[in-house]
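Residue-level structure breakdown
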Amino acid sequence: MELQLHIRGCTIRNCGKAGVEAREFGNLLVENSEIHDNYQGAIIWRDAQNVKISNCNIYDNRNEGILAMQDDENYDNFSSVILEGNNIHNNMVGISTAFMRNLEVIDNQLYLNRSWGFPSVTVTLQLWMAMISTGTTAVVVRLCLN
């Protein structure tokens, strides 16, 4: 991945919009960071190119922990998104996706989000070893693939 922005070991908090945003052919690598108390933890949209968020703690955001979407409602995009080894909790929604051509969700833990851990609308994704739970009883997975 050709990097345009690499964030490592940072705390990103108290932002009025997103803590981190990738769009318009931007490349982004975020690792080993805390992202919390923002409107959204991370937004990946509008033709972001290559994005990887790994080993981050993403929590207490007012809306999504991570929002990955294309707003033109088609798959004619080249976005490649990898979400790996993150703890995503205490947000309104853990990970929200729509119209992503290439999304990999690997070994993440989603828990104690106020509504869904992982609602998904019209997305092609690969989901490996994700622990999605309500924090109280059994593992809950809500995937709405259309």
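Residues numbered from 1 in each chain as written. Predicted model: local features only at pLDDT ≥ 70, side-chain atom pairs only at ≥ 80, totals over all residues. Heavy atoms only, no water.

A look at the overall build of the chain
The number of helices and strands found in the chain is 0 helices and 17 strands. Within the chain, the proportion of its 146 residues that are buried is 47%. Expressed as a percentage of contacts within the chain between residues at least 6 apart in sequence, the contacts between residues at least 24 apart total 44%. Split by element, the accessible area of the chain, about 7300 Å² in all, is 49% carbon and sulfur. (Helix = DSSP H or I, 4+ residues; strand = E, 2+ residues; numbered from the N terminus. Buried < 20%, exposed > 50% of the residue type's maximum accessible area, 1.4 Å probe, protein only. Contact = heavy atoms within 4.5 Å. Areas by Shrake-Rupley, 256 points an atom, 1.4 Å probe, with all protein chains shown as cover.)

Some points on the nonpolar core
Of all hydrophobic cores here, the largest spans 24 residues; its most connected members are Val20, Val30, Ile44, Val51, Ile53, Ile66 and Leu83. At the level of elements, β3 (18-22), β4 (28-31), β6 (40-44), β7 (50-54), β9 (64-69), β10 (80-84) and β13 (102-106) are the ones that each hand at least two residues to this core. Excluding residues within four positions of it along the chain, Ile44 makes contact with Ala22, Val51, Ile53, Ile66, Leu67, Ala68, Met69 and Val81. (Core = buried A, V, L, I, M, F, W, Y, C linked by side-chain atoms within 4.5 Å.)

Remarks on the pattern of salt bridges
In the structure shown here, the tally under the stated rule is 3 salt bridges. A salt bridge links Glu21 to Arg23; its shortest N-O distance comes to 3.1 Å. In this structure Arg23 comes out as partly exposed when scored by relative accessible area, which is 33%. (Salt bridge = Lys/Arg side-chain N within 4 Å of Asp/Glu carboxyl O.)

Quick notes on the side chain of Asn108
Looking at the element boundaries, Asn108 is found in the loop between β13 and β14 (109-111). Among the polar contacts made by the side chain of Asn108, one reaches the main-chain amide nitrogen of Asn86 at a distance of 2.9 Å. Within the structure, Asn108 has its side chain in polar contact with the backbone oxygen of Ile106 (distance 3.1 Å). (Polar contact = N/O pair within 3.5 Å; in protein donor to acceptor, adjacent residues only side chain to side chain.)

As for the pairing of β6
Within β6, 5 of the 5 residues are buried, leaving the element largely enclosed by the surrounding structure. Pairing of β6 with β9, which is carried by 3 bridges, proceeds in the parallel orientation. Across the sheet, Ala42 pairs through a bridge with Ile66, a residue of β9. (Pairing = 2+ DSSP bridges.)

Brief notes about the environment of Glu64
As for its placement among the helices and strands, Glu64 is situated in strand β9. Along the chain, Glu64 and Ala42 lie 22 residues apart, while their C-alpha atoms are 7.8 Å from each other.

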